[in-house]
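Now for the letters of each chain:
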Amino acid sequence: MNKRPKLIAEALSELMARHGFAAKESAAALQDAWCEAAGNAFAPHSRAVEVRRGTLQVVVANNMLIQELTFQKQAILKKLAPHDIADVRFRVGQVR
């Protein structure tokens, strides 16, 4: 049984995952990516929730914003492409 010692990066990664730091960090990075893609007009009235199978789930303040964001969807997806997001889905809910 030849076990190699763990690399520090592996040990830290496991520790962060165990304590939820990775999820908090990725949630913050997701929100930052959404704010950048949505722009100043839409970011304050919306919130990125999660990514499921390449689809970003976004909560918005009202139906009017859903309609406007749907019109802007292709431009937003181009900005989100570096984050491996293939689609965006909007739903009305509590933003903050």
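These notes cover the structure that comes with them. All values reported here derive from a predicted model rather than from experimental measurement. (Residues numbered from 1 in each chain as written. Predicted model: local features only at pLDDT ≥ 70, side-chain atom pairs only at ≥ 80, totals over all residues. Heavy atoms only, no water.)

## What to know about the sheet that holds strand β1 (residues 46-52)
Across a sheet, paired strands are connected by hydrogen bonds in the backbone, their directions being either parallel or antiparallel.
Okay, so step 1: Taken together, 3 strands build an open sheet; the order of strands is β1-β2-β3 and the sheet is mixed. At either margin of the open sheet sits one strand with a lone partner, and together these are β1 and β3 (87-92). Each neighbouring strand pair of the sheet contributes to a mean axis angle of 25°, computed without reference to strand direction.
Okay, so step 2: Relative to strand β2 (residues 55-60), β1 is paired through 6 bridges, and the arrangement is antiparallel. (Pairing = 2+ DSSP bridges. Helix = DSSP H or I, 4+ residues; strand = E, 2+ residues; numbered from the N terminus. Axes fitted to C-alpha atoms, helices over the stretch in contact; angles between N-to-C directions.)

## Points about the nonpolar core
Soluble globular proteins: nonpolar side chains tend toward being buried together.
Okay, so step 1: Counting 19 residues, the largest nonpolar core has W34, L56, L80, V88 and F90 as its most contacted members.
Okay, so step 2: Of all the secondary structure elements, the ones that give two or more residues to this core are α2 (21-38), β2, α3 (63-71), α4 (73-80) and β3.
Okay, so step 3: Per-element accounting of this core gives the leading share, 5 residues, to α2.
Okay, so step 4: Beyond its immediate stretch of four places on either side in the chain, L80 contacts A33, W34, A37, L56, I85 and V88. (Core = buried A, V, L, I, M, F, W, Y, C linked by side-chain atoms within 4.5 Å. Buried < 20%, exposed > 50% of the residue type's maximum accessible area, 1.4 Å probe, protein only. Contact = heavy atoms within 4.5 Å.)

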